[in-house]
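What follows is the residue order along each chain.
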Amino acid sequence: MTTAQALVAFLARQYTERDGRRHRLISATWGIFGHGNVAGIGQALVEAGNGTRNGTRNGDGTRNGNGTRNGDGHGNRTRPRMPYLQGRNEQAMVHAAVGYARQSGRLSAHAVTTSIGPGATNLVTGAALATINHLPVLLLPGDTFATRPADPVLQQLEVPYAGDVSVNDCLRPVSRYFDRVTRPEALIPAALQAMRVLADPAETGAVTLALPQDVQAEAYDWPEEFFAERVWRVRRPAPDTAELEAAVRAVRSARRPLIVAGGGVRHSGAEETFAAFTAATRIPVASTQAGKGALRHDHPADVGGIGHTGTATADELARTADLVIGVGTRYTDFTTASGTLFENPAVRFLNLNITGFDAHKLAALPLVADARTGLEALTSALAGRGYRVDPAYETEYTGAKEAWEEQVEASFTTPDPTARPTQTQVLGLLDTLVTEEDILINAAGSLPGDLHKLWRTRSRDQYHVEYGYSCMGYEIPAAIGVLLATRTHERPRPVWALVGDGTYLMNPTEIVTAVQENLPLKLLILQNHGYASIGGLSEAVGGERLGTSYRHRDPDGGFTGPPLPVDLAANAASLGMRVLRATTVDDLRKALAEARSAEGPTCVYVETETPDTVSGPPPAQAWWDVPVAETASRPAAVTAREEYDRRVAARRHHL
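Residues numbered from 1 in each chain as written. Predicted model: local features only at pLDDT ≥ 70, side-chain atom pairs only at ≥ 80, totals over all residues. Heavy atoms only, no water.

Summing up its helical and strand segments, the chain has 24 helices and 21 strands in all. For the chain, whose C-alpha radius of gyration is 26 Å, the value lies close to the compact-globule estimate of 26 Å for 655 residues. Expressed as lengths along the three principal axes of its C-alpha atoms, the size of the chain is roughly 70 × 70 × 55 Å. Expressed as a percentage of contacts within the chain between residues at least 6 apart in sequence, the contacts between residues at least 24 apart total 75%. Total accessible area on the chain is roughly 26300 Å²; 52% of this is exposed by carbon and sulfur atoms. With 64 positive and 73 negative side-chain charges, the chain shows a spacing of 4 Å between the two charge centroids. (Helix = DSSP H or I, 4+ residues; strand = E, 2+ residues; numbered from the N terminus. Rg over C-alpha atoms; globule rule 2.2 N^0.38 Å. Contact = heavy atoms within 4.5 Å. Areas by Shrake-Rupley, 256 points an atom, 1.4 Å probe, with all protein chains shown as cover. Lys, Arg positive; Asp, Glu negative; His and termini not counted. Charge placed at Lys NZ, Arg CZ, Asp CG, Glu CD.)

Their axes nearest at 9 Å, the elements helix α10 (residues 271-281) and helix α14 (residues 371-383) cross at an angle of 25°. When the axes of α10 and α14 are compared, the pair comes out roughly parallel. Considering only the axes of α10 and α14, their crossing is left-handed. Along its contact with α10, which presents Thr273, Phe274, Phe277 and Thr281, the element α14 presents Arg372, Leu375, Glu376, Leu378, Thr379 and Leu382. (Axes fitted to C-alpha atoms, helices over the stretch in contact; angles between N-to-C directions. Parallel < 35°, antiparallel > 145°, perpendicular 65-115°, else oblique. Left-handed = near helix turned anticlockwise from the far one by under 90°.)

For strand β18 (residues 495-500), the tally of buried residues reaches six of six residues, placing the bulk of the element in the interior. When strand β16 (residues 439-442) meets β18, the two strands line up parallel, connected through three bridges. Its bridge partner being in β18, Leu440 is matched across the sheet by Trp496. Bridging between β18 and strand β19 (residues 521-527) involves six bridges; their strand directions are parallel. Bridge pairing in β19 places Trp496 opposite Lys522. (Buried < 20%, exposed > 50% of the residue type's maximum accessible area, 1.4 Å probe, protein only. Pairing = 2+ DSSP bridges.)

Before going further, it helps to spend a moment on the side chain of Thr379. Here Thr379 is to be found in helix α14. On the accessibility criterion, Thr379 (19% relative accessible area) is buried. Side-chain polar atoms of Thr379 contact the backbone oxygen of Leu375, separated by 2.7 Å. (Polar contact = N/O pair within 3.5 Å; in protein donor to acceptor, adjacent residues only side chain to side chain.)

Fair warning: the whole summary comes from geometry, so function is off the table for now.
This is the structure we're talking about:
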């Protein structure tokens, strides 16, 4: 077999197992082909059942596309199939793979193959997103010739001081594991290491195997053991006894504890255990963007998002907490309000995390363990000691939660059905429509802040906001990945990609993929003629909204003219989507309902109104550190610096 054929055959026989349930580790391969991978991985995918020729039928009803050669050393005519998915942009293919992995609980992933040159470097942004969010994806970029028959070859980066560097080295810092396979036999240890990292809940992220184009096509006599079915068990490490005892003492001595739920709760599948822990202790739960959904919005202990985009309830509890219990969170600056949120001089931290790196943050007591296993141990240890928060504290936070819900309801209210809706009113209309089956996907702009503060999450996986990297253009391909992951359901779950016009223009091309696969993607485009989120931030920090509006130039060289005549609805339609235009609140209500019931890819397009003090979202409840010019001649920047100096004085290191 060629190196590429061997790799595809190997990948098709890798499985994960957790809690007795088995999942295929690499369930499909995305690919855009060029000279760097078309004759290697491309040809191998044809062999793996993606060609036009019929082959022998396997026991699962799939065809292996070969039928005349074994090639796997097992003396049989069947070979597990490797499905191929066609993308339009390399970065988008990684986003789709990440969406699939997140929806699959990190137990199943996709591979992504590209040519050399720009195809490979287009992977970098997606790889960074995957690694930062601890989500598995296997990257298989083509590479320049290992044998160097000609130097340079097309798209080769020449580095005068090193002969072994290619553009794929850009992927090293954003990969959890990287290897360049310069000989066929080198694939064996590289592939095994790649699977180990992908299946490790503490290490997982982007994994890169750079594949020189000549090595991909080179044949080798492979040991048959390489193709044996392998099961990578996803471990659930239990906490250390001493760490657990210290954690129990910390919880029992706390008068105003607060839990910060992060993405680790979801990755561990710990929601039921988490709910049992809060039922036993009555400790209130605030959530990060990744952790939202750890509890349903109507759970008594759920106090909403925390930090700069959090709720007033959660942030006020954070300011007075004497113990902050982080569960599966890495404490980004949005969560900590850039080190200004946890104001209590006596505050201490207890962090339950599967990685020691995150468990030790903020000088915390570490409880290094799987989230579910750790919560089970903590619940059991506390049960025999009768711990529960003071009833007065419980009454305090549940009353504050009710008051915040009144603000949410006011933001969602749409009194005039003939008016153009605000962004928060759009969310309010969607809120009245969805059930626990719906999944919302977003990543960047002003929507993540509004969603974090206002959205009423109904199920563990409804809220899918990528805010580790907050990458514009993630939403549409990620929605495709989620739809692929939920295909096993009797009927497709409604999956919504929520995008502003700025995000849409970054990466709309995977609409074509949704049309090709006939996936019932629900795309909601909110047109506000620019970057609303950064526009507001620019104004706040003295940037005077430069470059944040999509408008014609004015005579003075600025961008204050009429909005650009860009028709994003027409663009989506030109890519194959059915498009529903809405101009009023009433129009939008009907369009959203129609889109939700649609069986094919459907877009709802609405131009939103600038919010006012009545219908807009509540302002930020905590600060976020964006440094302001220390010296400036323009009054806006001078004023912004004065406010910055006042805010930054409250920042502290938790030692």
